Amino acid sequence: MARTIDKGVVSSLACASRRAKLLSLLAMLFVTCILHAPVDAHTSLSSARYTLLIAGLDRDATSHDPNRQTDAHADALILLSSQLGSGVVDALHIPRDTRIYIPHSGYTKINGMYLLRHRTGLAEAVSNLTGIHVDDVLVLDFARFRQALHLVPGILFKVDRPMRAPEGDVALAPGTHVLSPTEALTVVRFRHEPLGDIGRVHRQERFMRSAVQLASRLPFGIFRRVMLTLDPQLSGRDIFLSYEMVHPLLQYHAHSVPGNFSTGQEVSYWLPDQRGMAVIAALILHKNLAEPAF
C-alpha cells in the first residue's frame, strides 16, 4: 500500500531545505569576499593570531615646511597582536631610533625602513627585530590621524607636563583633558623632555591604551570608516580582522622594545636588548589569559 504523506509536512521540509541552501550560499559568499580581499599571502583566516603594524609617518601635507610635507620616516611604530577571540590585545611600541642591521647595507634606524623599502620592507624589519610575524601594515600621517579622530568622541587623557606643538598652535597644561584631534596629535608627537623619544614612547603607550579601548566600543560601520580614513589602502580583510582583534576587549598589555641609548657614536641609536625582546615576544605569543585586565 502506498504511504500517504501530509502536504503540510512536505511543504515544511521544502522550506527547510531552501533555508539551508540559502544559509549555505550566504556563508560561501562571505568567505569568498574575505578570502579574495587583497592581503599579504601569509595572512589566513585560519590563523589563531593576528598582528597589525601601525606606522605613523612624520608627514603633514599642511605644513609650511616642504620637507615635512613629504617626509616618509615612520616615527611611531606600534605592533598590535591578539589571538582572535581571546579578548587579549598586546601592544609593542618600537622607538624610532632603534638600531637594526640590513644585510649588505649595515646598521640604520628602523624609522627609515618605510622610506627605503615601503610596507613590505618595514614589516620584515619589525618581524626580524621582534620575532613576531606581521600580518598587515597600517600607514597614516598627520592629516589622516586628525581626520579619523573627527569621526569619534574625544579621547580622555591625562597630560603629564606642559606641552606645545612645534608649530606653536597648541598648548596643553598638565591635567586631564578631552583631546581634540589637533591636541591628540600634539600629545603623541611631544618629546621635549629628559628622556626624549623614550618619554614620547611611554606617552604613546598611554594614548594607545585609550584609543584601543575607544575602538573596542565602536560599531563595525564606524570602525570601518575610521580605519579607511587612517589608511585607504587597507583591504576589507584587514579591517575585518582588526575589528575581531578588539571585539571584545578584555585585557590590554603595553610593552616597548627594551634597550638603552648608544654612547660615543656619531649617530644616536636605541640599542635593543635582544634577550629582553625575546622574553617580551614569548609573553605576547604565549599570553597567559589569567593575567589581570588592564
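Along each chain, the written sequence defines residue order, and numbers are assigned to residues from 1. Per-residue local features are limited, in this predicted model, to residues with pLDDT of at least 70; the limit for side-chain atom pairs, both in listing and counting, is 80 or more; totals at the level of whole chains, interfaces and linings are taken over all residues. The basis for every side-chain value is the complete set of non-hydrogen atoms in the structure, without hydrogens or water.

## Side note on the environment of Asp160
At step 1: Positionally, Asp160 belongs in the loop between β7 (155-159) and β8 (163-164).
At step 2: Any residue under 20% of the maximum accessible area for its type is buried, any over 50% is exposed, and the rest in between are partly exposed; the area is computed with a 1.4 Å probe on protein chains only. A residue is classified by how much of its surface remains accessible, and Asp160, at 40% relative accessible area, is partly exposed.
At step 3: Between the C-alpha atoms of Asp160 and Val187, which are 27 residues apart in sequence, the distance is 9.9 Å.
At step 4: We call two residues contacting when some pair of their heavy atoms lies within 4.5 Å. Residue contacts for Asp160: discarding those within four places in its chain leaves Pro174, Arg203 and Arg206.
At step 5: Distance and chemistry together define a polar contact, namely a pair of N or O atoms within 3.5 Å, with one atom able to donate a hydrogen and the other to accept it when in protein, and with adjacent residues in sequence counting only for side-chain atoms on both sides. Side-chain polar atoms of Asp160 contact the side chain of Arg161, separated by 3.4 Å.
At step 6: At 3.0 Å, the side chain of Asp160 forms a polar contact with the side chain of Arg203. What counts as a helix is a DSSP run of H or I of at least four residues, what counts as a strand is a run of E of at least two, and both are numbered from the N terminus.

## Observations regarding the pairing of strand β1 (residues 49-57)
At step 1: Within β1, nine of the nine residues are buried, which leaves the element mostly enclosed by the surrounding structure.
At step 2: Every second residue of β1 is oriented toward a common face, with Arg49, Thr51, Leu53, Ala55 and Leu57 on one face and Tyr50, Leu52, Ile54 and Gly56 on the other, all of them buried.
At step 3: As paired elements, β1 and strand β2 (residues 74-83) share nine bridges and run antiparallel to each other. When the sheet's bridge partners are listed, Ile54 is paired in β2 with Ile78.
At step 4: Here β1 runs beside strand β6 (residues 136-140); their pairing, made up of five bridges, is parallel. Two strands are said to pair when DSSP picks up at least two bridges between them.

## Here we look at the nonpolar core
A general tendency of soluble globular proteins is for nonpolar side chains to be buried together.
At step 1: Residues belong to one nonpolar core when they are buried, are Ala, Val, Leu, Ile, Met, Phe, Trp, Tyr or Cys, and are joined through side-chain atoms within 4.5 Å. Within the largest apolar cluster, 45 residues are counted, with the highest numbers of intra-cluster contacts made by Ile54, Leu80, Leu138, Phe145, Phe207, Phe223 and Met227.
At step 2: Discounting chain neighbours no more than four positions away, the residues touching Ile54 are Ala76, Leu77, Ile78, Leu80, Leu138, Leu140 and Met208.
At step 3: Membership of the second largest hydrophobic core comes to 30 residues, among which are Ala72, Ala74, Ile94 and Met277.

## Thoughts on the layout of surface pockets
At step 1: In this structure, the largest pocket spans a volume of roughly 910 Å³.
At step 2: A cavity here means a set of 1 Å grid points, computed over protein atoms only, where a 1.4 Å probe fits but cannot escape. A pocket is an open set with protein on both sides within 12 Å along at least 5 of 7 lines, and lining residues have an atom within 4 Å of a point. What lines the largest pocket is a set of 44 residues, and nearest its centre among them are Ile54, Leu140, Phe145, Phe207 and Met208.
At step 3: Counting only elements with at least two residues in the lining of the largest pocket, the list comes to β1, β2, β6, α4 (142-149), α5 (181-189), α6 (197-215), α7 (220-230) and α8 (236-246).
At step 4: Put simply, Ala, Val, Leu, Ile, Met, Phe, Trp, Tyr, Cys and Pro go in the nonpolar bin, Asp, Glu, Lys and Arg in the charged bin, and everything else, Gly too, in the polar bin. Counted by class, the lining of the largest pocket contains 31 nonpolar, four polar and nine charged residues. Grid points are joined across faces, edges and corners, and a volume is the space filled by probe spheres set on the points.

## Some words on the environment of Leu172
At step 1: Here Leu172 lies in strand β9 (residues 171-172).
At step 2: Judged by relative accessible area, Leu172 falls into the buried class, the value being 4%.
At step 3: Taking the C-alpha atoms as reference points, Leu172 and Asp160, separated by 12 residues in sequence, lie 9.7 Å from one another.
At step 4: Other than its neighbours up to four places away in sequence, Leu172 contacts Val159, Arg161, Pro162, Met163, His177, Leu179, Glu183 and Val187.

## Observations regarding the confidence of the model for the protein chain
Any region with low pLDDT has predicted coordinates that should not be read closely.
At step 1: Think of pLDDT as the predictor's per-residue confidence, scored from 0 to 100. Scored by pLDDT, the protein chain comes out at a mean of 84, with 81% of its residues at no less than 70.
At step 2: Contacts of residues 1-5 to residues separated by more than four positions or lying in other chains number one contact, the stretch itself having pLDDT below 50.
At step 3: Contacts from residues 23-32, a stretch scored under 50 in pLDDT, to residues over four places away or in other chains number one contact.

## Focus: the packing of α4 against α5
At step 1: Lines fitted to the C-alpha atoms define the axes, with helices restricted to the stretch that makes contact. Angles between their N-to-C directions range from 0 to 180 degrees. Two elements in contact, α4 and α5, have axes separated by 8 Å at closest approach and are oriented at 130 degrees. When the axes of α4 and α5 are compared, the pair comes out oblique. Judged by the sense of rotation from one axis to the other, the crossing of α4 with α5 is right-handed. Across the interface between the two elements, Phe142, Phe145, Arg146 and Leu149 of α4 pack against Pro181, Thr182, Ala184, Leu185, Val188 and Arg189 of α5. Any angle from 65 to 115 degrees is called roughly perpendicular, while one under 35 is roughly parallel, one over 145 is roughly antiparallel, and all others are oblique. Two helices crossing with the near one rotated counterclockwise from the far one by less than a right angle form a left-handed crossing, whereas a clockwise rotation gives a right-handed crossing.

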